[in-house]
Amino acid sequence: DGFSSSAKLIFMVIMSGGAFNVLVETGALQVLIAKVVAKFGNKEAIFIPLLLLVFAAIATTQSVTVFIGFTPVMMTRAMGFDSITGAALPLLGGAIGFSTGTLNTSTTIVAQKIAELPLYSGIQYRFFCFFVFWIFTSIALIRYARKVKSNPASSPMYELDKLRNDEDVDASHASSLTPRKLLVLLTLIGSLVVLVWGCVTRGWDLP
């Protein structure tokens, strides 16, 4: 009975999760992340906040767990940082987007539906929290990364990182941003914009 009465919410979560998996399989998100790393990799004051923002923006629709495979450990180590910095980028960035729940269907929308609130109501406050979390997380991670870069031995991962093989880098993430992948990213952005606009201004709801 519980599953039957919640079928609309259950199918919404299944569909949104499946759609995001299709998006990941296109490789568009991996290319976007690789482009950011290639362009700003030697400028941690730009690179870290920007990559955190990319992960945070994507995680407004999904949980943090989908980002484990995106962890750019080898990239950050090549820039003089440690593997903790590499792991922190997708995990902390994802946590920013997921915890603020700006656009998340499986948390925010489900909760608002149960509470009988208008869908996506309060989105301005959630966006405010999103940027506050992003700013403070960026500052903390930049400070840590710079400390490790100036003194690698200060990293808790120093000995283990020395044992790693740098040849394990996945070169598939460095492919080019083709028109098809660009359209995939634009489709994601456009879909979210239309979804929020419809729910906030046109009264869209679950059937």
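Being a predicted model, the structure only gives us computed values, none of them experimental.

Focus: the environment of I135
- Looking at where I135 falls in the secondary structure, it is placed in helix α8 (residues 123–150).
- Residue I135 is classed as partly exposed on the basis of its relative accessible area, which comes to 43%.
- With 83 residues separating them in the primary sequence, I135 and L52 have C-alpha atoms 9.7 Å apart.

A look at the packing of aromatic side chains
- All chains considered together, the criterion is met by 3 aromatic pairs.
- Geometrically, the ring pair formed by F130 and F131 is edge-to-face, given 5.2 Å between the ring centres and 80° between the ring planes.
- Arranged with centres 5.9 Å apart and planes meeting at 85°, the rings of W197 and W204 form a pair that is edge-to-face.
- In this structure W204 comes out as partly exposed when scored by relative accessible area, which is 39%.
- What links up through ring pairs into an aromatic cluster is the set F130, F131 and W134.

Side note on the packing of helix α2 (residues 7–25) against helix α3 (residues 28–40)
- Close contact between α2 and α3 brings their axes to 5 Å; oriented N to C, the two are set at 55°. The orientation of α2 relative to α3 falls into the category oblique. Seen from α2, the contacting residues are F20, L23 and V24; seen from α3, they are A28, L29 and Q30.
- For the contact of α2 with α3, the per-class residue count stands at 5 nonpolar, 1 polar and no charged.

Basis of the calculations
- Residues numbered from 1 in each chain as written.
- Predicted model: local features only at pLDDT ≥ 70, side-chain atom pairs only at ≥ 80, totals over all residues.
- Heavy atoms only, no water.
- Helix = DSSP H or I, 4+ residues; strand = E, 2+ residues; numbered from the N terminus.
- Buried < 20%, exposed > 50% of the residue type's maximum accessible area, 1.4 Å probe, protein only.
- Phe/Tyr/Trp six-rings, centres within 6.5 Å; stacked < 30°, edge-to-face > 60°.
- Axes fitted to C-alpha atoms, helices over the stretch in contact; angles between N-to-C directions.
- Parallel < 35°, antiparallel > 145°, perpendicular 65-115°, else oblique.
- Contact = heavy atoms within 4.5 Å.
- Nonpolar A, V, L, I, M, F, W, Y, C, P; charged D, E, K, R; others polar.

By themselves, these figures tell us nothing about what the structure is for.
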